[in-house]
Each structure stands twice: as structure tokens, then as C-alpha cells.
Amino acid sequence: FDQLDGYIWFNGEFVPWKEAKIHVLTHGLHYASGVFEGERAYGGRVFKLTEHNQRLHRSAEILGFKIPYTVEELDAATIELLKRQGFADAYVRPIAWRGSEMMGVSAQNSRINVAIAIWQWGSYFNPAEKLKGIRLDIADYRRPDPKTAPSASKAAGLYMICTISKHAAEAKGYADAMMLDYRGQVAEATGANIFFVKDGVIHTPLPDCFLNGITRQTVIELAKRRGYEIVERAIWPDELSTFSECFLTGSAAEVTPVSEIGPYTFTPAAISETLMNDYMREVYPAEAAAAE
Ligand code: PMP
């Protein structure tokens, strides 16, 4: 990924992609003092760009540092970078981290660096293919108690158990893993929130120890617009056999139906399909949809 062409916005400047490097004694690398975002551009517009940059700011505050660019400045930098990269459909990755000025657990005076990278990632939207659903394993690691980790922050450090869990699932032939939380309740996938359907009603775990995803909130809104009933509540794994549909939501995942979670099977049907299509209509700018 470090050999692509184009530019990376790095501390206020557009740096050639291959030259956007940092030192090995970067605090963020050693102590995970970094926060990031994952966004998608559709038809040349980043969906909910400001919400993502606001969350980046909040994530940093939770970790005890302040991002030295305003949300407006980050929005403008992203829009300019997307233009320079020349992509219509792309993935956007802003990241902020403590630099290499101080080594040790304490790094109060380290520089806060910020970068934004944008790469081409066409929205994977073949509805028939997606409706087959993906297979999930059940992860061994659990989402930590909010008293154990800053779970409301999209902090790099929280992804250690996600990468381990996703790798373990992939090694067994699964696409991803569903994670339980510290209480043993259903939490989310390694990079996306989770929803279930039972008797026409949508159920999703309360986001009290994991990200209340921007996509999750968008899909809840879309479901309400359709008149679907949504229940946010504690969901226990022994209930999995009672649900007929399951899907994931995330900026990268969009709405992705699930066909299996370990021994439990689901059949993507009307609600998953409707919300999958409604989400794609929601994310594309009106001008792009009109030009289709
Ligand atoms: N949970 C985790 C662990 C994630 O990485 C993501 C992706 N950011 C989400 C949930 C979904 O968040 P969003 O819809 O804001 O992308």
C-alpha cells in the first residue's frame, strides 16, 4: 500500500504517496496512541464526511490529545485530496497519532500528526452476490468493558483483538468473526455493527461497549422510514437460532447480509435486501443517481 501513486495529505501538505513516511520510534506505533476513521466516497462525495471528522476529534479527546486541525479543515483537506486523486468511488482513511519526539508511556509533548489517504475502492455492489451472505466465526476475544478500554473511541489499539480474531476466522475459511462483549452478549463483527431479524422486527445490540457506527445510525433511520420496528437491546448468543436474517453495517461493509455465524444459519431476505438497497440510494449524491 505504500507504493501507490498520487498524494497523501500529511500535516497540512500534499505529499507524494511514496514519500509519506514516519520514524520507527513513533509513539503511535509502540503504544497505539492513534485514532482513525474509515469513510467512503460515492460519486465524488464523501458520505457523512463531517460526522466522521467529528468522531475523529472525539476519539482523540478520549485518548487525551487534541487534533491540531479543525473539523472544517479536515473536511476541506479531504475534499481537495479526493479531487487531486481523481476518484469518484473511493475509501478515505484519516489518522492522527503521537509522533517520535518522546519515547515512553508518557509522551505529553509529542507532536500530534494527522494524515489522510484516499485510495480507489469501488463500492462492492452486486446485489445478487451480496445477498448470498457472508459466513462468520465466533471470536475467542471479547469486546472489553468500557472501564477496561476507551471503547467509544475509534482507537487503533482496540483493533489488535479485531485483527487477531479476523485472522483466526479467515484461517478457518470464514469471512469475518462475530465478537461477544465482556458480559458474553453479542457485540459486533471485527469492523462492522450487527443486526438481526425475527418475525419482521429488527434487533441490534445496544452500543454500550463498541462504536455506535455512523452506518448503524443511518440504517436505523432508513429502517424507521420504512416503518420497520427496531429494538436495541442486549442479545445473548443462545438467541442466535431464533433469528431469520442477519446483516452487518459499516462504512466499508455498507449493508452486508450474513448467512452463517458458527453453527447458526440465516437466510438473507426482504429486510436485508430492502435496507441494502436503501443504503446505496442514500449514500449516492442525488446528481449521480439522476445521471444513471
Ligand atoms: N465497529 C467497528 C469495530 C468498526 O471498525 C466499524 C467501522 N468504523 C464499525 C463498527 C462501524 O462504524 P461506521 O458505521 O461508523 O463505519
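Structure: see above.
Because the structure is predicted, anything quoted here is derived from the model rather than measured.

K.L.:
Mind laying out the site of the ligand, listing which residues take part and the relevant values?
P.N.:
Near the ligand, the surroundings consist of 14 residues, among which G213, I214, T215, G250 and S251 are the closest. Across the shell around the ligand, the residue classes tally to 4 nonpolar, 8 polar and 2 charged.

K.L.:
Got a sec to walk through unusual backbone geometry? Specific residues and values, please.
P.N.:
One non-glycine residue with positive phi stands out, namely D199, at about 50°. Considering the arrangement of structural elements, one finds D199 in the loop between strand 11 (193-198) and strand 12 (201-204). Accessibility expressed as a C-beta count within 10 Å gives 8 for D199, which makes it exposed. The phi torsion at E254 lies on the positive side, around 55°, for a residue other than glycine.

K.L.:
An account of the packing of helix 2 (residues 49-62) against helix 3 (residues 71-85) is requested, with residue identities and associated values reported.
P.N.:
Running from N to C, helix 2 and helix 3 cross one another at 130°; their axes reach a closest spacing of 9 Å. In terms of their interaxial angle, helix 2 and helix 3 are classed as oblique. Considering only the axes of helix 2 and helix 3, their crossing is right-handed. Facing helix 2, whose interface residues are L49, T50, N53, Q54, L56 and H57, helix 3 presents V71, L74, D75 and T78. A breakdown of the residues in the contact of helix 2 with helix 3 according to their chemical character gives 4 nonpolar, 5 polar and 1 charged.

Definitions and limits used
Residues numbered from 1 in each chain as written. Predicted model: local features only at pLDDT ≥ 70, side-chain atom pairs only at ≥ 80, totals over all residues. Near = placed C-beta within 6 Å. Nonpolar A, V, L, I, M, F, W, Y, C, P; charged D, E, K, R; others polar. Helix = DSSP H or I, 4+ residues; strand = E, 2+ residues; numbered from the N terminus. Buried ≥ 20, exposed ≤ 12 C-beta atoms within 10 Å, placed from the backbone. Axes fitted to C-alpha atoms, helices over the stretch in contact; angles between N-to-C directions. Parallel < 35°, antiparallel > 145°, perpendicular 65-115°, else oblique. Left-handed = near helix turned anticlockwise from the far one by under 90°. Contact = placed C-beta atoms within 7 Å.

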